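Working through the structure, step by step
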Protein chains: 2
Amino acid sequence: MDKDSLSCVHDRIKPHIHRTPVLTSRLINAIAGANLYFKCENFQRMGAFKMRGATNAIMQLSEDQKNKGVVTHSSGNFAQALSLAAQRLGVCAYIVMPKTAPQVKKNAVKDYGGHIIECEPTLEAREQTAKQLVQTKGATFIHPSNDLNVILGQATAGKEFLEDYPNLNAIFTPVGGGGLIAGTAIAVKHFGKNCKVIGGEPIEADDAYRSLKSGQIESNTTTNTIADGLKTQLGSVNFPIIQREVTRIIRVEESEIIDAMKLLWERMKIICEPSSAVALAALLKKKDQYRNQQLGVIISGGNVDLSKLPF
Amino acid sequence: MDKDSLSCVHDRIKPHIHRTPVLTSRLINAIAGANLYFKCENFQRMGAFKMRGATNAIMQLSEDQKNKGVVTHSSGNFAQALSLAAQRLGVCAYIVMPKTAPQVKKNAVKDYGGHIIECEPTLEAREQTAKQLVQTKGATFIHPSNDLNVILGQATAGKEFLEDYPNLNAIFTPVGGGGLIAGTAIAVKHFGKNCKVIGGEPIEADDAYRSLKSGQIESNTTTNTIADGLKTQLGSVNFPIIQREVTRIIRVEESEIIDAMKLLWERMKIICEPSSAVALAALLKKKDQYRNQQLGVIISGGNVDLSKLPF
């Protein structure tokens, strides 16, 4: 993956995504003792960076593949992203969701034109149902994070960030399935100047932290975190990129996630998900090591149930 | 007040304020049947447009006046704005607040370096206490909305808005004390092209609506509204400007304010005050009259108690 290829990806998806703004806060800078820049993907179409990867993955398909549709299993932002990207590109999207998924998430997918196929709430049922759709409809399966075209789409957030702020010393992202941090690492490799890539991960879902330590993909032992977008597992496509390019992963407590989220809401005046706050929580936890630096933070998404706030 | 003078005001305060971004939402456009542009003064320094007017008013003082300090009575955003603007300009700010004001608002003023002088929670005590400070300290009284320099400061939001979007057919603002809408009207007069200025006001605090009808300043008969920034009264300086330049004021129900606020939080992913939502609520209430137009909405502020949300 060279620099020009990433620029091609960006040019391809540009008509379908927003170039999101970068915000700052004097007060959060004072707290951190550094200059922080927040890339607001909560203002992205459908409310999260996932729109970038979903769009790129669909656009890479052949006409024949597009005619047969795409399928994924997700009850989170990728379900909405694939639905909206498919709708914009005139492609049919099948979304496998557990029966037990909240009605509000099902409605969001339907609003974006996705076709929901319900299954039992197990990993096995989910994969089996997706496989059936591939076989019966001829649809192409697109994984939410472990797919190179998805990762390259996510990389465009980091590319835009470095175009606007070329001298960042580090970019912090949350780590869930690994698509965002792997994409950011690719962008940083080509567009950064001695810029580090650092992940934030809940202690309650620390598969990436432990995988980097052991050198092989580890599974989550718990997923009891408020950052529901980060419960997913690393994959075989993104892990080698993360191993090669990511400097470190910092784990944070649930209370640190909630405090960082409240800071973003109260001081930045933006709505973001708990998952988004994990990157800031990680930075603040180790702020003494990044004093006076220029630090980027990717706010991954803003889809949150306002009736269930942790504060 | 000519065009050049307003440009001078803007140049004067620029180093002390943010040029706030303008955001849009495809979904809110679909709901409104028009193209809406939101000028996000909730991202302004200290979280509201009031920072503009407070800064301009202090900068217009003589050195002698600056040495003696400024005084206002407010328990809302203007108290914080005057404190922060004064702090930045090396001026002492005395803020008269009722004893009964929430501790969180007192803390915000203290954080920005304002000196709080408490009084009984009556209009009379408030005015008397401010008058004493003028007499004993020689401080200059600055009214939150009924002061030409404050109004001209607020006008810079509309000026920036029209610089970015010169073809707006109308700008909607909330109406409280009248400083923002009067300032916006001045900006529109000089920088707009057939652009209307339209106010949104809670039915529960509709002094401006009734004043425009009767042709003289009317008092609020109730102030039982969630939009706590809009409980204040029109004044003798801003009312003539509003009479001359504002097309109409649209009154909205409390439920319409809450619905509009929820729409802004959920779809725009921004934190804004109930007062901010009043302008959008007014637009949506009369959307059939503005179909397919280019409509600006000023989001006035984002200071809200997250533990007391109406949804």
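Residues numbered from 1 in each chain as written. Chains lettered and ligands numbered in written order. Predicted model: local features only at pLDDT ≥ 70, side-chain atom pairs only at ≥ 80, totals over all residues.

Some words on the sheet that holds strand β7 (residues 170-174) of chain B
Residues and elements named next belong to chain B. Pairing is mixed in the open sheet, where six strands are placed in the order β1-β2-β10-β7-β8-β9. Edge positions in the sheet fall to β1 (22-23) and β9 (248-252), since each of these pairs with one other strand and no more. Pairing of strand β2 (residues 35-40) with strand β10 (residues 294-299) involves six bridges; the strand directions are parallel. Residue pairing across strands places Lys-39 opposite Ile-298, the latter belonging to β10. Lying over the sheet, helix α9 (residues 179-191) contacts β7, β8 (196-202) and β10, oriented at roughly 165° with respect to β7. Where helix α10 (residues 207-214) meets the sheet, it contacts β8 and β9, and its direction lies at approximately 140° from that of β9. (Pairing = 2+ DSSP bridges. Helix = DSSP H or I, 4+ residues; strand = E, 2+ residues; numbered from the N terminus. Contact = placed C-beta atoms within 7 Å. Axes fitted to C-alpha atoms, helices over the stretch in contact; angles between N-to-C directions.)

Remarks on the packing of helix α9 (residues 179-191) of chain A against helix α11 (residues 238-245) of chain A
Residue and element names in this part refer to chain A. Put simply, α9 and α11 touch, their axes get as near as 9 Å, and they point 50° apart. In terms of orientation, α9 and α11 fall into the oblique class. As α9 runs across α11, the sense of the crossing is left-handed. In contact with Gly-179, Ile-181, Ala-182, Ala-185, Ile-186 and Lys-189 of α9, α11 contributes Asn-238, Ile-241, Ile-242 and Glu-245. Tallied by class, the residues present in the contact of α9 with α11 amount to six nonpolar, two polar and two charged. (Parallel < 35°, antiparallel > 145°, perpendicular 65-115°, else oblique. Left-handed = near helix turned anticlockwise from the far one by under 90°. Nonpolar A, V, L, I, M, F, W, Y, C, P; charged D, E, K, R; others polar.)

So, the packing of helix α3 (residues 50-59) of chain A against helix α8 (residues 148-164) of chain A
A pair of packed helices is characterised by two quantities: the angle between their axes and the separation of those axes. Residue and element names in this part refer to chain A. Where α3 contacts α8, the two axes come as close as 7 Å, and the packing angle between them is 135°. Comparing the axis directions of α3 and α8 gives the class oblique. The two elements α3 and α8 cross, and the hand of that crossing is right-handed. Contacts between α3 and α8 pair Arg-52, Gly-53, Ala-54, Thr-55, Asn-56 and Ala-57 from the former with Asn-149, Val-150, Ile-151, Leu-152, Gly-153, Gln-154, Thr-156 and Ala-157 from the latter. Of the residues contributing to the contact of α3 with α8, the split by class is six nonpolar, seven polar and one charged.

Regarding the interface of chain B and chain A
Many descriptions give the size of an interface as the accessible area lost when the pieces come together. Listed by partner, the interface residues are 14 residues for chain B and 14 residues for chain A. In terms of residue class, the side of chain B that touches chain A is built from eight nonpolar, four polar and two charged.

Notes on the environment of Pro-310 of chain B
All names here are of chain B. One can find Pro-310 in the segment after β10. Considering only alpha carbons, one finds Pro-310 and Ser-83, 227 residues apart in sequence, at a separation of 29 Å. Once you skip the residues sitting within four places of it in the chain, Pro-310 turns out to touch Ile-226 and Ile-258.

Concerning the sheet that holds strand β6 (residues 140-141) of chain B
Residues and elements named next belong to chain B. A sheet is described by the order of its strands in space; here four strands give the open sequence β5-β4-β3-β6, paired in parallel fashion. If you trace the sheet from one side to the other, it starts and ends with β5 (115-119) and β6, each paired once. Pairing of strand β4 (residues 93-98) with β5 involves five bridges; the strand directions are parallel. Bridge pairing links Met-97 to Glu-118 in β5.

Considerations on the relation of the copies chain B and chain A
Relative to chain A, chain B is turned by 180° and slid 0.0 Å along the rotation axis, the superposed coordinates differing by an RMSD of 0.0 Å. The symmetry that links the two subunits is that of a two-fold axis. Relative to the rotation axis, the closest C-alpha in chain B is found at Ile-270 of chain B, a distance of 2.2 Å. Interface overlap between copies is the fraction of interface residues in one copy that are interface residues in the other; for chain B against chain A it reaches 100%, indicating a shared surface. (Least-squares fit on C-alpha atoms with pLDDT ≥ 70 in both.)

Some words on the pairing of strand β10 (residues 294-299) of chain A
Residues and elements named next belong to chain A. Most of β10 is tucked away, with five of its six residues classed as buried. Bridging between strand β7 (residues 170-174) and β10 involves three bridges; their strand directions are parallel. Considered in β10, the bridge of Ile-171 is made with Gly-296. (Buried ≥ 20, exposed ≤ 12 C-beta atoms within 10 Å, placed from the backbone.)

Re the nonpolar core
Counting 203 residues, the largest nonpolar core has Leu-82, Leu-283 and Val-297 of chain A together with Leu-82, Leu-283 and Val-297 of chain B as the members making the most contacts within it. If we ignore the near neighbours within four places in the chain, the residues touching Val-297 of chain A are Leu-36, Phe-38, Phe-172, Ala-279, Leu-280 and Leu-283 of chain A. (Core = buried A, V, L, I, M, F, W, Y, C linked by C-beta atoms within 7 Å.)

A closer look at the environment of Tyr-290 of chain A
Residue and element names in this part refer to chain A. One can find Tyr-290 in the loop between α13 (274-285) and β10. Considered as a pair, Tyr-290 and Lys-99 are 191 residues apart in the sequence and their alpha carbons are 45 Å apart. Setting aside residues up to four positions removed in sequence, Tyr-290 forms contacts with Ala-34, Ala-170, Leu-283 and Leu-295.

Focus: unusual backbone geometry
For residues that are not glycine, phi is negative in most cases, and the peptide bond is trans in most cases. Residues and elements named next belong to chain B. Positive phi is not limited to glycine here, since Met-46 has a value of about 60°. By the element assignment, Met-46 lies in the loop between β2 and α3 (50-59). Assessed through the 24 C-beta atoms surrounding it within 10 Å, Met-46 is described here as buried. Backbone geometry at Lys-269 places phi at a positive 65°, although glycine is not the residue there. Looking at the element boundaries, Lys-269 is found in the loop between α12 (254-268) and α13 (274-285). By the C-beta count within 10 Å, which is 25 here, Lys-269 ends up buried.

A closer look at helix α11 (residues 238-245) of chain B
Residues spaced three or four apart along an α-helix face the same direction, because each turn holds 3.6 residues. Residues and elements named next belong to chain B. Here α11 has its buried residues at Asn-238, Phe-239, Ile-241 and Ile-242. Axial view of α11: buried residues confined to an arc of 160°, hence all on one face. Projecting away from the buried face of α11 at angles above 90 degrees are the exposed residues Pro-240 and Arg-244. On its buried face, α11 sits against α8 (148-164), α9 and α10. (Arc of directions from axis to C-beta.)

Fair warning: the whole summary comes from geometry, so function is off the table for now.
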